[in-house]
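Working through the structure, step by step
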Amino acid sequence: MVQYLHTPWRDRAELLKVRRQFYPSPPTGPQHNQYEDDNNNDDDDDEKTAKEEAAKQHAVSRVSMWMQRGGCPHLVESTALLMAAILSDLHETRTRANSSSYAIRAAYSAAFSRFVTGLLDSHQDKQRKMSMYTVAKTIGLPATFVELRHQATHEQLPSLLKLRSAARKALDWIWDYYWKNLPSEGEDDGTLENGSENGGKANPCRELLLRYLGEEDAAQSKALHKHLRQYDEFALLQNLAEIGDSSEDPKIIARSSRLSQVILDGSFSSALNTWRDAGRVSKSKDLEAIRAELQVLNGELEMMEEVDVTRGAVETQRRVQEPPTQAKGWSRYEGPWKPKPIGVV
């Protein structure tokens, strides 16, 4: 049975495009200073920097749209929030629009606290409450992240230099933990951005299944059946599901469904073409036998109706003959009222 995974992005290519926009030059080590260098106004390539910042802003807006759709992974959201704080810091630094750094520090603190809290809560043990430091050690999150989160939440906001460095390190950590491990286009299921499989090459298992499902000759079907037995059952089921979803031929869809059931029952090796004729067998029933079955069913229905009528009559007669019960429940008190002290029956 096909299982569908709903994601806020249209396809994997869109997710990988956002990754390239967030990380135009992926982190290569702990001394990577990509985000710190963005603060320098004496950059040799201002045009390239402006394009990269515009791409990052576009990626932040796209992730914001994904968050509205729902189902956006927490680390994708955290990347967008941290990047938005960095871009806001760059804009304020260049334009000198705000002499106070409190708003920038608050943006950094909110993004960083949301990143750490949401990540650790998602790995929290539901049966036994663990401290944030224990959970952070389990997933490899630096303890300094937990300390900075505690300071930003319960104490004075950290300094701007400290928050800038923490945001850069957080983005590098998210890259190593999440973004770097995403399979590239066509790497996981052999599907490229244009929809072709195996890098544009034909899928032999799928083509063989299509020939087998459409073949009417018994000898040819037997030969194709031998070739199909060399493939793994999981590959066969996956290709059959794709054929059933994409095909417009009712015969191919019906046969792919029956063949999938045969494979799941474990009788594909000995089934040969018996599954193919399942529909024909059901159609070859004698008309008289079907009529006889219908007559038997009608007789059973009439007997059930008679039983229901008899049972209803007996129930009605029993209710009429039963004497009224003596229990009245709540009723009006009869006779003169005599007050009694509390507690006396």
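All of the points below concern the structure found in this document. Since the model is a prediction, treat every value here as computed from it, not as a measurement.

For the rest of this paragraph, the subject is the environment of Arg164. The residue Arg164 is located in helix 8 (residues 160–177) in this model. Assessed through its relative accessible area of 22%, Arg164 is described here as partly exposed. It is 8.9 Å that separates the C-alpha atoms of Arg164 and Arg105, two residues lying 59 residues apart in sequence.

Right, let's get into the pattern of salt bridges. By the definition in use, this model includes 6 salt bridges. Where Glu53 meets Arg94, a salt bridge forms, and the shortest distance between an N and an O atom there is 2.7 Å. One end of the pair, Glu53, is in helix 3 (residues 46–69); the other, Arg94, is in helix 4 (residues 74–95), and 41 residues separate them in sequence. Arg114 is the partner of Glu77 in a salt bridge, and the nearest nitrogen-oxygen pair spans 2.7 Å. Placement of Glu77 in helix 4 and of Arg114 in helix 5 (residues 102–122) is noted, with a sequence separation of 37 residues between them. Residue classification places Arg114 among the partly exposed positions, given a relative accessible area of 46%.

As a further point, take the packing of helix 1 (residues 12–22) against helix 3. At their nearest, the axes of helix 1 and helix 3 sit 8 Å apart, and the two run at 140° to each other. On the basis of the axis angle, helix 1 is oblique to helix 3. For the element pair helix 1 and helix 3, the recorded crossing hand is left-handed. Side by side, helix 1 and helix 3 meet where Glu14, Leu15, Val18, Gln21 and Phe22 of the first sit next to Ala55, Lys56, His58, Ala59, Val60, Arg62, Val63 and Trp66 of the second. Across the contact of helix 1 with helix 3, the residue classes tally to 8 nonpolar, 2 polar and 3 charged.

Our focus in this paragraph is a negative patch on the surface. Where like charges cluster on the molecular surface, the negative patch consists of Glu302, Glu305, Glu306 and Asp308. Relative to the helices and strands, Glu306 is located in helix 15 (residues 287–321). Given a relative accessible area of 54%, Glu306 falls into the exposed group.

This next bit is on helix 3. Its 24 residues give helix 3 an end-to-end C-alpha distance of 35 Å, which sits within 8% of 34 Å, the value for a rise of 1.5 Å per residue. Taken as a whole, helix 3 has its buried residues at Thr49, Glu53, Lys56, Ala59, Val60, Arg62, Val63 and Trp66. Positive phi appears at Gly70, one or two residues downstream of helix 3, with a value of about 95°.

A separate point is the nonpolar core. By size, the foremost hydrophobic cluster in this structure holds 48 residues, and its most contacted members are Phe22, Phe115, Leu141 and Trp179. Secondary structure elements with two or more residues in this core: helix 1, helix 3, helix 4, helix 5, helix 6 (132–139), helix 7 (143–154) and helix 8. Not counting chain neighbours up to four residues away, the residues in contact with Phe115 comprise His74, Leu75, Ser78, Leu141, Phe145, Ala170, Trp173 and Ile174. In terms of nonpolar packing, the next biggest core, distinct from the first, is built from 13 residues, Leu209, Tyr212, Leu236 and Leu240 among them.

Our next topic: helix 7. Given a rise of 1.5 Å per residue, 12 residues ought to cover 16 Å, and the 17 Å separating the end C-alpha atoms of helix 7 matches this to within 8%. Within the sequence span of helix 7, burial applies to Phe145, Val146, Leu148, Arg149 and Ala152. Summarising the axial view, the buried residues of helix 7 lie within an arc of 165°, below the 170-degree limit, and thus occupy one face. Where helix 7 is buried, its residues meet helix 5, helix 6 and helix 8.

We now examine a nonpolar patch on the surface. Together, Ile290, Leu294 and Leu297 line one region of the surface with nonpolar side chains, adding up to about 250 Å² of accessible area. Along the chain, Leu294 turns up in helix 15.

Rules used in this analysis
Residues numbered from 1 in each chain as written. Predicted model: local features only at pLDDT ≥ 70, side-chain atom pairs only at ≥ 80, totals over all residues. Heavy atoms only, no water. Helix = DSSP H or I, 4+ residues; strand = E, 2+ residues; numbered from the N terminus. Buried < 20%, exposed > 50% of the residue type's maximum accessible area, 1.4 Å probe, protein only. Salt bridge = Lys/Arg side-chain N within 4 Å of Asp/Glu carboxyl O. Axes fitted to C-alpha atoms, helices over the stretch in contact; angles between N-to-C directions. Parallel < 35°, antiparallel > 145°, perpendicular 65-115°, else oblique. Left-handed = near helix turned anticlockwise from the far one by under 90°. Contact = heavy atoms within 4.5 Å. Nonpolar A, V, L, I, M, F, W, Y, C, P; charged D, E, K, R; others polar. Patch = residues over 30% accessible without salt bridge, like charges linked within 9 Å, V, L, I, M, F, W, Y side chains within 5 Å. Areas by Shrake-Rupley, 256 points an atom, 1.4 Å probe, with all protein chains shown as cover. Lys, Arg positive; Asp, Glu negative; His and termini not counted. Charge placed at Lys NZ, Arg CZ, Asp CG, Glu CD. Expected span 1.5 Å × (residues − 1). Core = buried A, V, L, I, M, F, W, Y, C linked by side-chain atoms within 4.5 Å. Arc of directions from axis to C-beta.

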